[in-house]
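# Tertiary structure, described
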Amino acid sequence: AALVQLGDTRRALMYSDRAIAVETTHGSFASAWWARGSALLALGRTDEAMDAFDEAIARNLGGYYARLSYLDRASILEAAGDDAGAAEERVKAAQF
């Protein structure tokens with residue numbers, strides 16, 4: 001996520017993909033999925049970002065990265081004009 005904030009989204013995506021590649025042998029990396037979603041969002045690839053945020057949520061139910069993912073999903077939905085969907089995502093995030 002720091003690389004995304006610095007504008008190096010392609011490198012952020014590369015590093016998150018590397019972490020995800022070893023996920024099955026070293027446990028679940030919700031943080032890598034969230035970072036991937038953040039990088040994809042910064043690149044304007046919102047459909048792929050939503051999928052990555054879904055993966056982060058599935059791997060971190062009730063956790064920090066699930067909360068961040070719900071908030072990022074809310075931002076995407078709001079930008080697409082889906083205010084009701086965005087509100088639902090924010091309610092889910094507020095549960096953590």
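Here, every reference points to the structure presented above.
To start, this report covers the structure provided alongside it. It should be emphasised that the depicted structure is a prediction, and the values quoted were computed from it without experimental measurement. (Residues numbered from 1 in each chain as written. Predicted model: local features only at pLDDT ≥ 70, side-chain atom pairs only at ≥ 80, totals over all residues. Heavy atoms only, no water.)

## What to know about the packing of aromatic side chains
Under the defined criterion, the tally for this structure stands at 2 aromatic pairs. Ring geometry for Trp 34 versus Tyr 65: centroids 5.9 Å apart, planes at 45°, classification tilted. Placement of Trp 34 in helix H4 (residues 30-42) and of Tyr 65 in helix H6 (residues 64-79) is noted, with a sequence separation of 31 residues between them. A residue is classified by how much of its surface remains accessible, and Trp 34, at 14% relative accessible area, is buried. On the accessibility criterion, Tyr 65 (26% relative accessible area) is partly exposed. Their ring planes at 80° and their centres at 5.0 Å tell us that Tyr 64 and Tyr 65 sit as a pair that is edge-to-face. For Tyr 64, a relative accessible area of 53% corresponds to the exposed category. By the ring-pair criterion, three or more aromatic residues cluster together here, those being Trp 34, Tyr 64 and Tyr 65. (Phe/Tyr/Trp six-rings, centres within 6.5 Å; stacked < 30°, edge-to-face > 60°. Helix = DSSP H or I, 4+ residues; strand = E, 2+ residues; numbered from the N terminus. Buried < 20%, exposed > 50% of the residue type's maximum accessible area, 1.4 Å probe, protein only.)

## Some details on the environment of Ser 16
Its location among the elements puts Ser 16 in helix H2 (residues 9-21). On the basis of relative accessible area, Ser 16 is assigned to the buried category, the value being 4%. Through-space distance from the C-alpha of Ser 16 to that of Ala 39 is 8.8 Å; in sequence the pair is 23 residues apart. When neighbours within four sequence positions are excluded, Ser 16 is seen to be in contact with Ala 32, Ala 35 and Arg 36. (Contact = heavy atoms within 4.5 Å.)

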